[in-house]
Amino acid sequence: MKAYYALDQEGKSRIHCLAHLPGEPVTGIANLDRSMVSLLTVEAVRDCELISTSVDCLRDLAQNCQEIALACNRMIGITAIKNMEYEKVLTSSKVEDRYRYFLEIYPDLVETVSKKDIASYLNMTPESLS
């Protein structure tokens, strides 16, 4: 799955995140205590199966079932760690190192995701990726 948001009226977009592991939240879980509207558009980049539930439903389940609460906390933690690693790579790595990071984290997506989307995810131009 890829999640992206539009940057301008011309339809240019920026890839925000990629989800590829079984059980991984598609756009991450940030906060179960308030209603949030996603600013992202999510697309499948290959065939997959999804389970969709509202945040309200998930919050109610987490409040009534310790196992669900623990799973949500784990997802929040994993998402936070991945986001911190990603931001570190974007802000402190050379272009070549960013691509190595992508190959290490998403080796199975290189042939599935377009080069333009990979470049967007790594905050570089497609020409820099080439």
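Please refer to the structure higher up on the page.
Remember, it's a predicted structure, so these values are computed and weren't measured experimentally.

Draft legend 1. Here's a closer look at the packing of aromatic side chains. Here the structure, examined in full by the defined rule, presents four aromatic pairs. Measuring from ring centre to ring centre gives 6.2 Å for Phe102 and Tyr121, while their planes differ by 65°; the resulting arrangement is edge-to-face. Of the two residues, Phe102 is situated in helix H3 (residues 95–105) and Tyr121 in helix H4 (residues 115–121); the sequence distance between them amounts to 19 residues. Across this residue pair, the class does not change: Phe102 and Tyr121 are buried. Relative to Tyr121, the ring of Tyr106 lies with its centre 5.7 Å away and its plane at 85°, an arrangement referred to as edge-to-face. Within this pair, whereas Tyr106 is found in the loop between H3 and H4, its partner Tyr121 is found in helix H4, the two being separated by 15 residues in sequence. Overall, the relative accessible area of 3% leaves Tyr121 in the buried class. An aromatic cluster of three or more residues is present, and its members are Tyr86, Phe102, Tyr106 and Tyr121.

Draft legend 2. Spotlight on the side chain of Arg14. Relative to the helices and strands, Arg14 is located in strand E2 (residues 13–18). Separated by 3.2 Å, the side chains of Arg14 and Tyr86 make a polar contact. A distance of 3.1 Å separates a polar side-chain atom of Arg14 from the backbone oxygen of Ser120. In contact with Arg14, other than residues within four places in its own chain, are Ala3, Tyr4, Tyr5, Leu7, Tyr86, Leu90, Ser120, Tyr121 and Asn123.

Draft legend 3. Quick peek at the sheet that holds strand E3 (residues 41–43). If you trace the three strands from one edge of the open sheet to the other, you get E2-E1-E3, paired in antiparallel fashion. Across the chains shown, the open sheet's two edge strands, defined by having one partner strand only, are E2 and E3. The mean inter-strand angle of the sheet, taken between neighbouring strand axes irrespective of direction, is 30°. Note that strand E1 (residues 2–6) and E2 share five bridges and pair antiparallel. Bridge pairing links Tyr5 to Arg14 in E2.

Draft legend 4. Spotlight on H3. Within H3, the full set of buried residues consists of Arg98, Tyr101 and Phe102. Taken around the axis of H3, the buried residues stretch over an arc of 100°, which confines them to a single face. Buried residues belonging to H3 abut E2, helix H2 (66–92) and H4.

Draft legend 5. Focus on the pairing of E1. Pairing of E1 with E3 involves three bridges; the strand directions are antiparallel. Looking at E3, one finds that Ala3 is bridged to Val42.

Draft legend 6. Seen up close, the nonpolar core. Ranked by internal contacts, the top residues of the largest apolar core, which has 18 residues, are Leu18, Phe102, Tyr121 and Leu122. Going through the elements one at a time, E2, H2, H3 and H4 are the ones with two or more residues in this core. Setting aside anything within four residues of it in sequence, one finds Leu18 in contact with Met1, Lys2, Glu24, Lys82, Phe102, Tyr106, Leu109 and Tyr121.

Conventions we followed
- Residues numbered from 1 in each chain as written.
- Predicted model: local features only at pLDDT ≥ 70, side-chain atom pairs only at ≥ 80, totals over all residues.
- Heavy atoms only, no water.
- Phe/Tyr/Trp six-rings, centres within 6.5 Å; stacked < 30°, edge-to-face > 60°.
- Helix = DSSP H or I, 4+ residues; strand = E, 2+ residues; numbered from the N terminus.
- Buried < 20%, exposed > 50% of the residue type's maximum accessible area, 1.4 Å probe, protein only.
- Polar contact = N/O pair within 3.5 Å; in protein donor to acceptor, adjacent residues only side chain to side chain.
- Contact = heavy atoms within 4.5 Å.
- Pairing = 2+ DSSP bridges.
- Axes fitted to C-alpha atoms, helices over the stretch in contact; angles between N-to-C directions.
- Arc of directions from axis to C-beta.
- Core = buried A, V, L, I, M, F, W, Y, C linked by side-chain atoms within 4.5 Å.

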